[in-house]
Amino acid sequence: MIVEGSSALKAEQGSKHAEMLSYLSENDSYWLLNDTWRADVEAYVSSGIGPVRSPNNAVVDFSGFHNTDLKLEMKYFLLYELKNKWKTPVYVQSVLKTAIFLISERIGSDPRISSFVQCPDEDDSDELDESVYEAPRTQYKALRKQVIAFFRDFYDEREETEKDIWYALRIAGIKLSAALKREQPTLKFTEIPEYYRAMVKRFMKRLIIRRSWSYCRETLMYIRYFFKAFYRNGYSDGFLEKLNRQDVEKYLSWVAGDYENRNATFRSKAVSFVRSWLDYIQIAEYPQAPEQSIERLMFDDDVPKRERVADTMEKVRYIPVPVIQQMDACIEQIEPAEMRPVYVLLRETGWRGTDVMNLRYDNCLQYIWNAKENRSVPYLCGEITKVGIPQLKDPIRDEVAEMVKLLAEEAAARSTIENNPDRYLFNCYEGKSMGLPFSKPAFTRAVQKMIDKNDIRDADGKLFHFKAHGLRHTRAMEYAEQGMPIGIIQRLLGHCSLQMSLHYAKVSEDTMYQKWKSTEKLNLFRPATPPPRKTADGDGLIHYEKVRPTLDAVRVPFGVCFKPSKAGCRRQTEQCLECPSFCSTRENMVEYASEIEKVRSMIRIGQMLGREEWVEKNKEYLERLLHMHEELTEKGIVHKSGSMREA
């Protein structure tokens, strides 16, 4: 069956056709001009896909497509999947190679079909030649379905959040970093069961305007896994509404098995993210939400523990001191020169590379009055999209501020609504990336070339392998080593929690030793002296002149509190009468007598009102007061730690 109306379709395609041509024209039009994509070409690396490690130099062949429009669509689909990391080059060139050939043979040679949207929904894999093995037949079936769904959404003119694939750049109000704009990110709902797809879209539509795009993408990934896990184990449409505890226990076992060899954090998120999603749709009374309360379905201890802090610390990569010193000395050798200010700002602030690339020339520099220095000091200002901070302000040195000021003035002079609509400080003013900020991979390559040129090596004698995030880790360690409180480090780095800052704020062994060495000597090796003798029972007085200088002597009801001067009160919610630091003498007898009468009066009132709990607590208090009164009458002074009070 062929969908009619190809002429009407072509009239609708218009700008979409031009968009595909532009996309395939990148990397010197390699993808557009070549009908065979080889595994050993530089285009894979320069386009951000990465090097292709294929053992047989595999080739993707599009020569079987006789219709140029179909060929264009197939190329666009595969390149888009590769760039967004949904398919790997080796998988496309090795596993899908036969499936692509079968599509070109079955669909690409049919003169009646000019677009994949004209293909019928019915599966035609049974019509393939009997010589085609089961694996290629299955791959053909899956690929055909994906391509058709992709282009039906691609040509769909509905509101973006109503489609099955959401293109981030077409959605207003989302939190998207400048770096992500270069990737043209999407959210794909095609693998969510159609029965639940509208419900998941409704949930994600709310989420994308509140949280970062990367968080939304991760959330959708675990929701997608949740449905896949149940459907592959025999569940069908309608299972979510009837979800029970036994079903959840099965899900927990599937997660444990599927993520057995993955980081512990993945296992944790596969439960915690799903739990948050189910909790919300139930509170919001979605029609397809579970009928049973989430509190009875998923318990707190169902969520697996995340990766240990010690394990996370092992992944933090600090740049060794000798290496970072050499790099700082060679800043002027970074080429192209426009990458040098990026390095300076990353070293000065410890921000993420994407945060620096996201700076805007019209609001990235502010001067705020500082009373201590009696002047306005400069602050670097920028939006931190990853954690949703609308404007992070970090102080910077005057020479760095002067550099930012000059960059902002230059950017303002060069920018127009066409070449820099978002007012980026580090903007590309021409070429395919016009209107986008510098790319983080381009910056990394520029610094790595400088390292190679100056032969900067690590402790193993190998050329140092630079990663931009290493500058952030290193700056955090420098902050910690210089004694900066962890709360301020969190603020400067733009972390949403202290726990995240602790991952980075490591102190080197040298600094730890120097700090330890500067602490007060404990003088443990000294002649033993006998403990002081107890105060005579008949004395009945406090020798204030002999109280240790490290102890307070604070007047409290019924006596004096001798607690360590640097310690807080441990008994704030209890009676001082039970505190080892509390001291009472015969001087306080009148206070005790008065308090005893007050408590007896409270007991009588409580008995009249029938307040048994009130009466019981006051009786316990009265017993302690009477006991203290008797002790003072007999001994004259009560102090549990009295022998330790005097020096």
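Structure: above.
The structure presented is a predicted model; accordingly, all values stated were derived computationally and were not measured.

Student: Got a minute to help me understand the overall build of the protein chain in this structure?
Tutor: If you tally the helices and strands in the protein chain, you get 26 helices and 11 strands. In the protein chain, buried positions account for 47% of the 647 residues. Per element, the accessible surface of the protein chain, about 36000 Å² overall, is 51% carbon and sulfur.

Student: Please explain the pairing of strand β7 (residues 389-395) as it appears in this structure.
Tutor: Remark: a regular strand shows side chains that alternate across the two faces of the sheet. Both strand β6 (residues 375-384) and β7 contribute to a ladder of five bridges, which runs antiparallel. In the sheet register, Tyr379 faces β7, and the bridge partner there is Pro395. Taking the residues between adjacent antiparallel strands as the criterion, β6 and β7 are bridged by four residues, where Gly388 takes a positive phi near 75°.

Student: Looking at this structure, how should I read the packing of aromatic side chains?
Tutor: Two measures describe an aromatic ring pair: the distance that separates the ring centres and the angle between the ring planes. Here the structure, examined in full by the defined rule, presents 44 aromatic pairs. The ring of Tyr286 carries Arg202 above its face, with NZ or CZ at 3.7 Å from the centroid.

Student: What's the story with the pattern of salt bridges in this structure? I'm lost.
Tutor: Two side chains carrying opposite charge are able to pair once their charged atoms lie near each other. Applying the stated rule across the entire model yields 31 salt bridges. With a closest N to O distance of 2.6 Å, Arg340 and Glu335 form a salt bridge. Between Asp455 and Arg457 there is a salt bridge, and its shortest N-O distance comes to 2.9 Å. Put simply, Glu19, Glu160, Lys163 and Arg170 are held in one network by salt bridges that share partners.

Student: Can you help me understand the sheet that holds β6 in this one?
Tutor: Hydrogen bonding along the main chain pairs the strands of a sheet, whether they run parallel or antiparallel. In space, the three strands of this open sheet follow the order β5-β6-β7, with antiparallel pairing throughout. Strand pairing shows two members of the sheet lacking a second neighbour, β5 (365-370) and β7, which therefore form its edges. Strand after strand, the sheet turns through a mean of 40° between neighbouring axes, direction not considered. Of the pairings in the sheet, the one linking β5 to β6 comprises six bridges and is antiparallel in character. Considered in β6, the bridge of Gln366 is made with Tyr379.

Student: Got a minute to help me understand the side chain of Lys16 in this structure?
Tutor: Position of Lys16 relative to the elements: it lies in helix α2 (residues 15-24). No salt bridge is formed by the buried Lys16; its nearest oppositely charged neighbour, Glu19, is found at 4.4 Å. Excluding anything up to four places from it in sequence, Lys16 contacts Phe154, Tyr155, Glu157 and Arg170.

Student: Where do I start with the nonpolar core in this structure?
Tutor: What tends to happen in soluble globular proteins is that the nonpolar side chains get buried as a cluster. Val200, Met204, Phe226, Phe227, Leu240, Tyr251 and Trp277 are the most contacted members of the largest nonpolar core, which has 48 residues in total. Elements supplying a minimum of two residues to this core: α10 (194-207), α11 (213-231), α12 (245-258), α13 (264-283) and α14 (294-297). Looking at this core, the element that brings in the most residues is α11, giving 10 residues. Here Val200 is in contact with Phe189, Ile192, Leu220, Ile223, Phe227 and Trp277, once residues within four sequence places are set aside.

What counts and what doesn't
- Residues numbered from 1 in each chain as written.
- Predicted model: local features only at pLDDT ≥ 70, side-chain atom pairs only at ≥ 80, totals over all residues.
- Heavy atoms only, no water.
- Helix = DSSP H or I, 4+ residues; strand = E, 2+ residues; numbered from the N terminus.
- Buried < 20%, exposed > 50% of the residue type's maximum accessible area, 1.4 Å probe, protein only.
- Areas by Shrake-Rupley, 256 points an atom, 1.4 Å probe, with all protein chains shown as cover.
- Pairing = 2+ DSSP bridges.
- Phe/Tyr/Trp six-rings, centres within 6.5 Å; stacked < 30°, edge-to-face > 60°.
- Lys NZ or Arg CZ within 6 Å of the ring centre and 35° of its normal.
- Salt bridge = Lys/Arg side-chain N within 4 Å of Asp/Glu carboxyl O.
- Axes fitted to C-alpha atoms, helices over the stretch in contact; angles between N-to-C directions.
- Lys, Arg positive; Asp, Glu negative; His and termini not counted.
- Contact = heavy atoms within 4.5 Å.
- Core = buried A, V, L, I, M, F, W, Y, C linked by side-chain atoms within 4.5 Å.

Such coordinate-based values are descriptive only and should not be taken to indicate function.
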